[in-house]
Each structure stands twice: as structure tokens, then as C-alpha cells.
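Observations on chain architecture
Each chain, written out:
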Amino acid sequence: SQQGEEDPQALSIQEGENATMNCSYKTSINNLQWYRQNSGRGLVHLILIRSNEREKHSGRLRVTLDTSKKSSSLLITASRAADTASYFCATDEAQAGTALIFGKGTTLSVSS
Amino acid sequence: GAGVSQSPRYKVAKRGQDVALRCDPISGHVSLFWYQQALGQGPEFLTYFQNEAQLDKSGLPSDRFFAERPEGSVSTLKIQRTQQEDSAVYLCASSQQRGPGNTIYFGEGSWLTVV
């Protein structure tokens, strides 16, 4: 079963615009991670945010985490055509037992 | 190696055929995971190894699915008597150790089509 739910399912923007994707989850977590997947490829780790952190930056990426609302957002600033991909959030549940639980993903399309 | 390596990258199997998918994790990584990803969906957890021990196989969809990691390095996911619903990408991932904060690295996946 999938824990995370990304929103929106699909997003189309122009190069240079910012893209925001949201993720909601259901149980207590140790951390939340965001991954990117280009069409036909494997998953690439983007950023990890721990449950005691509220915001984290990495280059053009900004991730926030609100554990009270059980939600996270991924912001990509100044988007490029190369950012076109599917983005997944994945949670590491506090009740250890399984590995990362993924959502269904947001498909981002950046046109030039 | 530099990353997680999976083979074959693409496999077409006739319904009822057995298939074996191989995963070479990053050298020294203790934890190894298998995921199944259907078209348009997120990856679904199948099973987890710590060294050679299979600590969690709760995600395996049926007893036709079997995974092993006999020497704590290379892992094989075997699917017996394949069915059309087994068509998916099978992703292998590894990390240095199990636990919060450890980044999990994924391979490119093995794309299985059952005809």
C-alpha cells in the first residue's frame, strides 16, 4: 500500500517558472525523502528531511515538512526543461518494519 | 561498482515462464530492497534484506515471488509461472544500513513484460 499522496498528479509549466508539489502521508515518520524519475529510468534521490526539521534547501530545491499536518512540499525554482520528470515523496515510517513507502507521484512537464 | 546495477534491463516472458532478475548493490551496502512499479504508479515495496537475512517479505504479492541474497551481496528476485499482472518495472535499491536518515540508492530497474 502507498502512504504518500502527491498533489497535483500532473503539472505543466514554462521554463523559468517555479513548480510546487505537495505530499501528504498518514502515519508518524522518521524522515521524508523526495525522488525524481525520468521516463524509463530509475529513481534519483533528491533530498531528505528529518521529522525534526521544518525546511531544507538543496540548490534550486526547497522542501518543507509539517508533521502536525502530515504534509510536505517540494519547490523547484527557476525550472528548466531538464526538470521534466515524475517526482515522488517517500516516507520512512517511525514504526520500523518496512522500507520507504512511496506515493503515486507528480508528473512535471517543463516546456521551453 | 559506482551504482546499483540490475539485469536484464528488459525481459519479455511468456505467460507461465519463470524469470530471474539480478541486482548488484553498491559495494559495502548492507541493506537491499526490491520494489515493484506498475505503469503510472509509485514503487511498491516487495522485500528487504540486511546482509543475507531477509528481514521483511511482507510485500511479495504471492508465493510465486521469491528473493534471495545468499552471500549478502548480489540478490536475485525470482518469479515463477509468470502472469500478465506481473508486468512491471522491478527496482532494486541499496543503502549503507537500515535506519532513519540513510539514503537509498536505486538501480535503473528491470522491465518485465509478460505476454
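Numbers given to residues run from 1 along each chain, matching the order in which its sequence is written. Following the order in which they are written, the chains are lettered starting with A and the ligands numbered starting with 1. Residues qualify for local features only when their pLDDT is at least 70, as the model is predicted, and side-chain atom pairs are given and counted only at 80 or more; totals for whole chains, interfaces and linings, by contrast, use all residues. Excluding hydrogens and water, the side-chain values take into account all heavy atoms of the structure.

**What about the overall build of chain B?**
- Here a helix means four or more residues in a row that DSSP labels H or I, a strand means two or more in a row labelled E, and each is numbered from the N terminus. Secondary structure summary: chain B contains zero helices and 11 strands in total.
- Mapped in sequence order, the helices and strands of chain B form the string β-β-β-β-β-β-β-β-β-β-β.
- Judged by the C-alpha coordinates and their principal axes, chain B covers about 40 × 25 × 25 Å.
- The buried share among the 115 residues of chain B stands at 46%.
- Sequence-distant contacts, at least 24 apart, represent 53% of the contacts inside chain B between residues at least 6 apart.
- Total accessible area computed for chain B in this model is approximately 5,500 Å², and 47% of it derives from carbon and sulfur atoms.
- If you average the places of the 11 positive and of the 11 negative side-chain charges in chain B, the two averages end up 5 Å apart. Throughout, exposure labels follow a simple rule: accessible area from a 1.4 Å probe, protein chains only, divided by the maximum for the residue type, with under 20% read as buried, over 50% as exposed, and the rest as partly exposed. Contacts are residue-level and defined by heavy atoms, with any inter-residue pair within 4.5 Å sufficient. Under the convention used here, a 1.4 Å probe and the Shrake-Rupley method define accessible areas, while residue burial counts only the protein chains that appear. Positive charge is attributed to Lys and Arg, negative charge to Asp and Glu, and no charge count is given to His or to the chain ends. Throughout, a charge is located at the NZ atom of Lys, the CZ atom of Arg, the CG atom of Asp or the CD atom of Glu.

**A word on the state of the cysteines**
- The disulfide criterion is simple: two cysteine sulfur atoms within 2.5 Å. Taken as a whole, this structure holds two disulfides over all chains when the rule is applied.
- Paired through a disulfide, A:Cys23 and A:Cys89 show a sulfur-sulfur distance of 2.0 Å. Judged by the sign of its S-S torsion, about 65 degrees, the bond between A:Cys23 and A:Cys89 is right-handed. Pair noted here: A:Cys23 is in strand β3 (residues 19-24) and A:Cys89 is in strand β9 (residues 85-93), with a separation of 66 residues, a long-range link.
- For A:Cys89, a relative accessible area of 0% translates into the label buried.
- With a sulfur-sulfur separation of 1.9 Å, B:Cys23 is cross-linked through a disulfide to B:Cys92.

**Focus: the pattern of salt bridges**
Residues and elements named next belong to chain A.
- Salt bridges are defined by distance alone: a side-chain nitrogen of Lys or Arg within 4 Å of a carboxyl oxygen of Asp or Glu. Tallied over the full model, the rule gives seven salt bridges over all chains.
- A salt bridge links Lys56 to Glu53, with the shortest nitrogen-to-oxygen separation between them at 3.9 Å.
- We note a salt bridge from Arg62 to Glu55, for which the minimum N-O separation is 3.2 Å.
- For Arg62, a relative accessible area of 31% puts it in the partly exposed group.
- Overall, Glu55 belongs to the partly exposed group, its relative accessible area being 40%.

**What to know about the packing of aromatic side chains**
- Aromatic pairs are defined between Phe, Tyr and Trp rings, using the six-membered ring for Trp, whenever the two ring centres lie within 6.5 Å; interplanar angles under 30 degrees are classed as stacked, those over 60 as edge-to-face, and all others as tilted. Using the criterion set out here, one finds 10 aromatic pairs over all chains in the structure.
- With 6.0 Å between their ring centres and 75 degrees between their planes, B:Tyr35 and B:Phe45 make a pair best called edge-to-face. Highlighted residues: B:Tyr35 in strand β4 (residues 31-37) and B:Phe45 in strand β5 (residues 44-50), separated in sequence by 10 residues.
- Of the aromatic side chains, those joined through ring pairs into one cluster are A:Tyr35, A:Phe88, A:Phe102, B:Tyr35, B:Phe45 and B:Phe106.

**Things to note about the nonpolar core**
- Ranked by internal contacts, the top residues of the largest apolar core, which has 22 residues, are A:Leu32, A:Trp34, A:Leu74, A:Ile76, A:Tyr87 and A:Leu108.
- Apart from residues lying up to four places away in sequence, A:Tyr87 is in contact with A:Glu6, A:Met21, A:Tyr35, A:Arg36, A:Leu46, A:Leu74, A:Ile76, A:Gly105, A:Thr106 and A:Leu108.
- By convention a nonpolar core is built from buried Ala, Val, Leu, Ile, Met, Phe, Trp, Tyr and Cys residues, the set being connected through side-chain atoms within 4.5 Å. Judged by nonpolar contacts, the second largest core, of 20 residues, contains B:Val4, B:Leu32, B:Phe49 and B:Phe65.

**As for the interface of chain A and chain B**
- Tallying the contact residues gives 24 residues for chain A and 24 residues for chain B.
- The contact between chain A and chain B buries some 1,900 Å² in all, and 48% of this surface belongs to carbon and sulfur atoms.
- Between the two partners, chain A and chain B, sit one salt bridge.
- For A:Arg41, the salt bridge identified is with B:Glu108, shortest N-O distance 2.4 Å.
- Residues adjacent in sequence count toward polar contacts only when both atoms are side-chain atoms; beyond that, a polar contact is any pair of N or O atoms within 3.5 Å, and within protein one must be able to donate a hydrogen and the other to accept it. For the pair chain A and chain B, the interface holds four residue pairs in polar contact (both at pLDDT 80 or more).
- Of all the elements in the fold, those that place two or more residues in the side of chain A that touches chain B are β4 (29-37), β5 (43-50) and β9 of chain A. Two parts placed together each lose some accessible area under a 1.4 Å probe, and the buried area is that loss summed for both.

**Section: the environment of B:Gly40**
Residue and element names in this part refer to chain B.
- Here Gly40 lies in the loop between β4 and β5.
- The class of Gly40 is exposed, set by a relative accessible area of 60%.
- Separated by 67 residues in the primary sequence, Gly40 and Gly107 have C-alpha atoms spaced 18 Å apart.

**So, the environment of A:Ser112**
Residues and elements named next belong to chain A.
- Relative to the elements of secondary structure, Ser112 occurs in the segment after β11 (106-111).
- On a C-alpha basis, the gap between Ser112 and Gly42 in space is 24 Å, while along the polypeptide they are 70 residues apart.
- What Ser112 contacts, discounting residues up to four positions off in sequence, is Gln14 and Glu15.

**Side note on the sheet that holds strand β8 (residues 71-76) of chain A**
Residue and element names in this part refer to chain A.
- One open sheet holds the five strands; their spatial order is β1-β3-β8-β7-β6, and the pairing between them is antiparallel. Edge positions in the sheet fall to β1 (5-7) and β6 (55-58), since each has one partner strand and no second. Between one strand axis and the next, the sheet turns through 15 degrees on average, direction left out of account.
- In short, DSSP must find at least two bridges between two strands for them to pair. As paired elements, β1 and β3 share three bridges and run antiparallel to each other. Axes here refer to lines fitted to C-alpha atoms; in helices the fit is confined to the stretch in contact. Angles between the N-to-C directions go from 0 to 180 degrees.

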